[in-house]
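What follows is each chain in one-letter form.
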Amino acid sequence: MKPRLLALGDGALTLEFGEHIDPALNAKVIAARDALAAMKLEGISDVVPTWRSLTVHFDPLRLDRERFGQQLLQCALAETQESALATRWQLPVVFGDEFGPDLAAVAQATGRSAVEIIEALCATELRVFLIGFLPGFPYLGELPDWLRLPRLATPRAAVPANSLAIAGAQAAIYPWQSPGGWHLLGRTPVRLFDVDNVDRPALLAPGDSVRLTPIGRDEFERLAAAVAAHAIDPARWQAK
Amino acid sequence: MIEILDAPLPASFQDGGRPGYRHLGVPLSGALDAEWLAIANALAGNPPATVALEIRLRGPRLRATRPLTLALAGEFSARIEDAAGQSRTAGNWRSLVLADNEILDCGFLKSGIGYLAVQGGFDLPAVLGSRSTYARAGLGGIDGRGIKAGDRIRVGADETTALQGGRAKDALLAVADGATPVLLRLPQPPRVTDAPLRVIAGPQRDYFTDAAWAAFLGAGFSVGREADRMGLRLDGPRLEHMRGADIISDAVMPGAIQVPGDGRPIILLADCQTVGGYPKIATVIGADLPRLGHALPGQTLRFVEIGLDEALAARREATAALAQCIASMVPDRAEFNLDALYSANLIDGVIDAQH
């Protein structure tokens, strides 16, 4: 499918690359985002990458729609390469027990051991396809085929903040306590959303990538206490 | 300081919203009717997007702990009670002056929403550049929630405060001296029209049958009970999908009309999420967005399709109309309790004015 422009009302344009979930498609979205950022246009308020499209919220009284649409289509042609605006993260996770109450059930449903599941998750470079649902909520993917499960039949009323969860081809980390129907496998001590960080309140942004590293309960508690005391610079979670 | 005595229904602080963070999942938020917010602020002597209270159906009772200039934009039935228990009408669409310990009861609202602005703004911390309340994530306002009885909010700590606080006191002094006060009145209050809402065909218009499109434009839709700052659910003819009711999530915005599998459209409003997984049949144009904030359950909404050029012209017209509305404000002599001001506050005013 050729990239096309869709009007989202008179104040936004969506550059659509396709209608499915595919890392290659998402890479084009991120390349277009980067190309648009390089143009430094006035009159744009938000640039929102999704799985398969890039939406730009703009002021049509300041930016000529026709001309801007042509510029966006130019951005669609940008080469997909490693994004200069993307960050690679390495996030510690404590798996199982009360932190990941569904780990045993996921092992049973997939016919693998808990250790195999943890190893497979930590061996996968997870792409941040989209931030949505809640402020800072990352949709990560993609999981190995054998680890793709339907959502829980009965969602939980309250998923603890910082829970690592999976459903279908995706993984996510809940930045806030919220209701949720995904399988909970573990928890990270990392703060995913910080309102005091005005430049970048969400740790993860679309186009970033994430590796998970298993840690033990003691290490989790030590790091969680340090995060709560604001004693850890978020840059520490960047991959070396 | 303003003390909330009673807040029977939710009211939230809203300003121009929180743009620039939607790629990180943070909703835009902000006043549902940015035009009335601007009018309330102009009457209170503030810049247009200064944070104000957005009130639905029934407003709070509040007490001023120092003399304040404020304004109500909306069809309120508000009254002011003085310390002696005397009560007087507090007019809409004009600057109001509260003396020490006077109580403003905003009363019931005939318009769907209204705004209470106070000179100098409410002193709330900016969260990601905005004081707008987004309750779902606890952002903005007072601890990210609506107001409740017992809340005490400082007034007038915007950057502009020093100047405007001074102006307010000058105004009071001017009134006391019999000179012309810097209080304003809007001679012709704005009306919320019930003309059809103008829409642009949505990014997923092709997910719907032509019959659904015709029904969408031809029928009236009634606003359902599920109506809040996130969106309005509508009842009317069921809008049939041609290609299924699920899409791979993409971006949405206030005004977008999405249709889930049950065929009942939802118009998204200021607190809507940043992305959504339902096809969007149409989007209400920016110029008609403020009207959606006033929609009440049971009310009928109609839609008419227009082109992008017309939408741009409508946006220009709306901008010009708002500027004209604010320019049409005339000086007003406030109906307030002069004795109370004399006894309690003029001395403060004189001292401050001399600084």
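None of the values given here were measured: they were computed from a predicted structure.

**Topic: the overall build of chain B**
In terms of regular secondary structure, chain B is built from seven helices and 23 strands. Looking at chain B as a whole, 56% of its 355 residues qualify as buried. Within chain B, contacts between residues at least 6 apart in sequence are counted, and of these 77% link residues at least 24 apart. Here chain B displays about 14100 Å² of accessible surface, and carbon together with sulfur accounts for 53% of that area.

**Section: the packing of helix α3 (residues 103–110) of chain A against helix α4 (residues 114–123) of chain A**
All names here are of chain A. It is at 9 Å that the axes of α3 and α4 come closest, and there the two elements cross at 95°. Comparing their axes, α4 and α3 come out roughly perpendicular. Along the contact surface, α3 presents L103, V106, A107 and T110, while α4 presents A114, I117 and I118.

**With respect to the pattern of salt bridges**
One pass over the full model with this rule turns up 36 salt bridges over all chains. In this structure, R154 of chain B and D123 of chain B form a salt bridge, with 3.0 Å as the shortest nitrogen-oxygen distance. Separated by 31 residues along the polypeptide, R154 of chain B in the loop between β11 (152–153) and α2 (161–176) and D123 of chain B in the loop between β10 (108–118) and β11 bring together distant segments of the chain. Note on R154 of chain B: relative accessible area 53%, which makes it exposed. Where D288 of chain B meets R198 of chain B, a salt bridge forms, and the shortest distance between an N and an O atom there is 2.8 Å. Within this pair, whereas D288 of chain B is found in the loop between β20 (280–284) and α4 (289–292), its partner R198 of chain B is found in strand β13 (residues 197–201), the two being separated by 90 residues in sequence. What makes D288 of chain B buried here is its relative accessible area of 3%. Assessed through its relative accessible area of 27%, R198 of chain B is described here as partly exposed. Among the charged side chains, a network of salt bridges with common partners joins R4, E16, E19 and R52 of chain A together with D206 and R243 of chain B.

**Digging into the sheet that holds strand β12 (residues 183–187) of chain A**
Each strand in a sheet pairs with another by means of backbone hydrogen bonds, the pair being arranged parallel or else antiparallel. Residue and element names in this part refer to chain A. What the seven strands build is a closed barrel, ordered β5-β12-β9-β10-β7-β6-β13; its pairing is mixed. Going across the sheet, the axis of each strand differs from the next one's by a mean of 40°, ignoring polarity. Note: strand β6 (residues 126–131) against strand β7 (residues 138–141), four bridges, orientation antiparallel. In the sheet register, L130 faces β7, and the bridge partner there is Y139. Along the sheet, α4 makes contact with β5 (88–95), β9 (163–167), β12 and β13 (209–215), crossing β13 at roughly 145°.

**Overview of the nonpolar core**
Among the nonpolar cores identified, the biggest contains 46 residues, and F216, L232, I257, I267, I281, L301 and F303 of chain B are the most heavily contacted of them. Listed by contribution, the elements that provide at least two residues to this core are α1 (34–44), β5 (68–73), β10, β13, α3 (210–218), β14 (221–227), β15 (231–235) and β20 of chain B. Here the element with the most residues in this core is α1 of chain B; it accounts for seven residues. Contact partners of I267 of chain B, with chain neighbours within four places excluded, come to M230, G231, L232, L234, G255, A256, I257, V284, L292, L301 and F303 of chain B. If you look at the next biggest cluster of nonpolar residues, it comprises 38 residues, including V93, V106, V128 and F220 of chain A.

**Focus: helix α5 (residues 308–327) of chain B**
Residues and elements named next belong to chain B. With 20 residues, α5 should reach 28 Å at 1.5 Å per residue; the first-to-last C-alpha distance of 29 Å fits that figure. For α5, the complete set of buried residues consists of A311, A314, R315, A318 and C325. Considered in projection along α5, the buried side chains sweep an arc of 105° and stay on one side of the axis. Opposite its buried face, α5 presents the exposed residues D309, E317, Q324 and A327, each directed more than 90 degrees away. In the core, the buried residues of α5 are packed alongside α1 and β13.

Reading guide: rules and limits
- Residues numbered from 1 in each chain as written.
- Chains lettered and ligands numbered in written order.
- Predicted model: local features only at pLDDT ≥ 70, side-chain atom pairs only at ≥ 80, totals over all residues.
- Heavy atoms only, no water.
- Helix = DSSP H or I, 4+ residues; strand = E, 2+ residues; numbered from the N terminus.
- Buried < 20%, exposed > 50% of the residue type's maximum accessible area, 1.4 Å probe, protein only.
- Contact = heavy atoms within 4.5 Å.
- Areas by Shrake-Rupley, 256 points an atom, 1.4 Å probe, with all protein chains shown as cover.
- Axes fitted to C-alpha atoms, helices over the stretch in contact; angles between N-to-C directions.
- Parallel < 35°, antiparallel > 145°, perpendicular 65-115°, else oblique.
- Salt bridge = Lys/Arg side-chain N within 4 Å of Asp/Glu carboxyl O.
- Pairing = 2+ DSSP bridges.
- Core = buried A, V, L, I, M, F, W, Y, C linked by side-chain atoms within 4.5 Å.
- Expected span 1.5 Å × (residues − 1).
- Arc of directions from axis to C-beta.

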